[in-house]
Amino acid sequence: MRIVFAIHHAGAFRSFEDVVRYWCRAGQKVHVLAGEPDKPIAVEQGLQACLAELSGLTVGRLQHRRKWLKLINARELLNYVNYLRPEHPAPTQARRWKGLIARPLHKLIKRQPVARLLPRPEIRRLLRWIERLIPPDRAITEWLRTNQPEVVVASPYIFPLSREVEYIKAARALGIPTAVIVLSWDNLTSKGTFHVLPDLTLVWNRALADEATGFHDVPRDKLVVTGAPTFDFWYAMKPSSDYAAFAKNVGIDASKPFVLYLCSSHFIAQNEHRYVAEFARALRGYPATREMGIVVRPHPLNDAIWQGFSLDDVAVWPRSGEWVDLPEAKQTYFDTLFHSAAVVGVNTSAFLEAAILDKPCITVLTDESKSKQTGLGHFQHLIKGGFLEVATSYTEAAAIVAAVLGGTDSRRAQRQQFVREFIRPRGLNRPASAVISAVIEELAAGHPKRRLQESGRQSIRGR
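What counts, and at which threshold
- Residues numbered from 1 in each chain as written.
- Predicted model: local features only at pLDDT ≥ 70, side-chain atom pairs only at ≥ 80, totals over all residues.
- Heavy atoms only, no water.
- Axes fitted to C-alpha atoms, helices over the stretch in contact; angles between N-to-C directions.
- Helix = DSSP H or I, 4+ residues; strand = E, 2+ residues; numbered from the N terminus.
- Parallel < 35°, antiparallel > 145°, perpendicular 65-115°, else oblique.
- Left-handed = near helix turned anticlockwise from the far one by under 90°.
- Contact = heavy atoms within 4.5 Å.
- Nonpolar A, V, L, I, M, F, W, Y, C, P; charged D, E, K, R; others polar.
- Phe/Tyr/Trp six-rings, centres within 6.5 Å; stacked < 30°, edge-to-face > 60°.
- Buried < 20%, exposed > 50% of the residue type's maximum accessible area, 1.4 Å probe, protein only.
- Lys NZ or Arg CZ within 6 Å of the ring centre and 35° of its normal.
- Arc of directions from axis to C-beta.
- Polar contact = N/O pair within 3.5 Å; in protein donor to acceptor, adjacent residues only side chain to side chain.
- Salt bridge = Lys/Arg side-chain N within 4 Å of Asp/Glu carboxyl O.
- Pairing = 2+ DSSP bridges.

(A) Inspection of the packing of helix H13 (residues 272-283) against helix H17 (residues 394-405) at higher detail. Across the interface, H13 lies against H17 with an axial gap of 8 Å and an inter-helix angle of 55°. Here H13 is positioned oblique relative to H17, judged by the angle of their axes. In the crossing of H13 with H17, the sense of the turn from one axis to the other is right-handed. Counting all contacts with H13, which are made through Tyr275, Glu278, Phe279, Ala282 and Leu283, the residues of H17 involved are Tyr394, Thr395, Ala397, Ala398 and Val401. A class-by-class count of the residues in the contact of H13 with H17 yields eight nonpolar, one polar and one charged.

Put into structure tokens, the structure is as follows:
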């Protein structure tokens, strides 16, 4: 089987590395098409490492659409108006998408009569009708016809100016089975929407399936719950050293526990060095936490604020931030979480990883950070999961840490339930990558060439 996997940028590959490994180990041929790296997030080292290792993997670049570009701006308008749905959990994020709309449309949507019409479902239907008028790109269609994949898979698919949409559109025109894998837990409430529906949309869990249906009009019978492939490697890892060796390497006191502060991107929290300083002062106010260490793990897109940062009993590790895409980086991250007593953060996917390792998770809801917590749809998954300790000050957060050190872990049952439902709903011992591989294999069986092959085998067996 030959699979074409179109991803917006190479940085997304780390979320699907185990999926690609499953495909290649099963003897499939996988051709990954990635967008050109235009941001620091689009690091390619994980993809390049797999390319050197896996014989069934080849890599190329996503092509640009050559015509109909002005009409394609209807996609960005649809991304914008999708946030205007009355039921959308993060309507304030609409202004982020407004800037992607062409200037003539900007003037139009500012007019009061038009602004009143935009939230209506008829407008979304109109924009999707315009999308159907746009033919697939000729060059991309020809490339698919020449390379003859049996299935085309795309992700994240709903980013702004997403090029991978063109591959799903062209594949559908050619009758090639298609699938979209939702990249992350925040995509369905913080990114764009679906412009061309694939044959199947793969989501982590039922909560994201509800979002796909409720906020993006994806039919229920086109959704498959698979679990979260990006976290599969956590279930196979073990610590590389004991606590004493880890503490020495990081530069903390091995005789005392530490709390891990997990940083967020610049979009979520710009000044986390101030939060850490306040948290450190709060910890010193409780006898149980007075001498414990703090390890700060910077977000790789917001690591500059930690250059020159220095505070007693606070270690920044690794100082320059680190993408979790190579084995060494994965091990460093795993060891840091594994050895921590509890984790603290604002709004980060690291809470999900901490929950997998059964670590108490604490967030601080302040006036400064609230808009990037309760104001964003994906944060509600943490709240509804019931496993997140929510403090209203760093003093309260320090008190929770003190209670954890004293043996009180009141959210453990909810944390474990959250992992079962949100991360691995198909079974704790069943990797999401294996589920996705099986789904894609079944989908590919609908390819005309595959149906012909199967028919031929049945005819031979029937003789």
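(B) The arrangement of the packing of aromatic side chains in detail. If you walk through the whole model with that rule in mind, you get 18 aromatic pairs. When the centroid spacing of 4.5 Å and the interplanar angle of 40° are considered together, the rings of phenylalanine 387 and phenylalanine 418 count as tilted. Linking phenylalanine 387 in the loop between helix H16 (379-385) and strand E13 (388-391) with phenylalanine 418 in helix H18 (residues 412-423), this pair joins segments that are 31 residues apart in sequence. Taking relative accessible area as the criterion, phenylalanine 387 reaches 0% and is therefore assigned buried. For phenylalanine 418, a relative accessible area of 4% puts it in the buried group. Connected via pairs of aromatic rings, a cluster forms that spans Trp204, Phe231, Phe387, Phe418 and Phe422. One cation-aromatic arrangement involves arginine 96 over phenylalanine 267; the distance from NZ or CZ to the ring centre is 4.4 Å. Sitting over the face of the ring of phenylalanine 267, lysine 372 holds its NZ or CZ atom 4.3 Å from the ring centroid.

(C) Fine view of helix H8 (residues 138-147). Regarding H8, the residues found buried are Ile140, Thr141, Trp143 and Leu144. For H8, the angular spread of the buried residues around the axis is 160°, confining them to a single face. Opposite the packed face of H8, turned more than 90 degrees from it, sit the exposed residues Arg138 and Thr146. Structurally, H8 contributes buried residues whose contacts are with strand E1 (2-7), strand E2 (29-34), strand E4 (151-155) and helix H9 (164-174). Measuring from the backbone nitrogen of alanine 139 back to the side-chain oxygen at the start of H8 gives 3.1 Å, which picks out aspartate 137 as the cap. Note on H8: the residue one or two positions beyond its end, glutamine 148, has a positive phi of about 50°.

(D) The arrangement of the side chain of threonine 201 in detail. Inspection of the secondary structure assignment puts threonine 201 in strand E6 (residues 200-203). Threonine 201 gets classed as buried once you look at its relative accessible area, which sits at 0%. Setting aside chain neighbours within four positions, we find threonine 201 in contact with Val180, Val182, Phe194, Val218, Lys222, Leu223 and Val224.

(E) Inspection of the pattern of salt bridges at higher detail. Tallied over the full model, the rule gives 27 salt bridges. Residues glutamate 166 and arginine 75 are paired through a salt bridge, measuring 2.7 Å at the closest nitrogen-oxygen approach. One end of the pair, glutamate 166, is in helix H9; the other, arginine 75, is in helix H3 (residues 69-82), with 91 residues separating them in the sequence. For the pair glutamate 166 and arginine 75, one class covers both residues: buried. In this structure, a network of salt bridges that share partners links the residues Arg65, Arg75, Glu131, Glu166 and Lys169.

(F) Quick look at the sheet that holds E4. Pairing in this open sheet of seven strands is parallel, and the strands run E3-E2-E1-E4-E5-E6-E7 from one edge to the other. Each edge of the open sheet carries a strand with a single partner, namely strand E3 (57-61) and strand E7 (223-225). Direction aside, the axes of adjacent strands within the sheet are offset by 25° on average. One ladder, built from three bridges, connects E6 with E7; its direction is parallel. Bridging from a neighbouring strand, threonine 201 pairs with leucine 223 of E7. In the packing of helix H2 (residues 45-53) onto the sheet, the strands contacted are E2 and E3, and the crossing angle to E3 comes to about 140°.

(G) How the structure looks around the sheet that holds strand E9 (residues 293-297). Sheet architecture is open: six strands sit in the order E10-E9-E8-E11-E12-E13, paired in parallel fashion. Single-partner strands in this sheet number two, and they are strand E10 (314-316) and E13. Strand-to-strand, the axes of this sheet are offset by a mean angle of 25°, without reference to chain direction. Examined bridge by bridge, E9 and E10 share three bridges and lie parallel to one another. Within E10, the residue paired with isoleucine 294 across the bridge is valine 314. Running over the sheet, helix H14 (residues 327-339) touches strand E8 (258-262), E9 and strand E11 (342-345) and is turned about 130° from E8.

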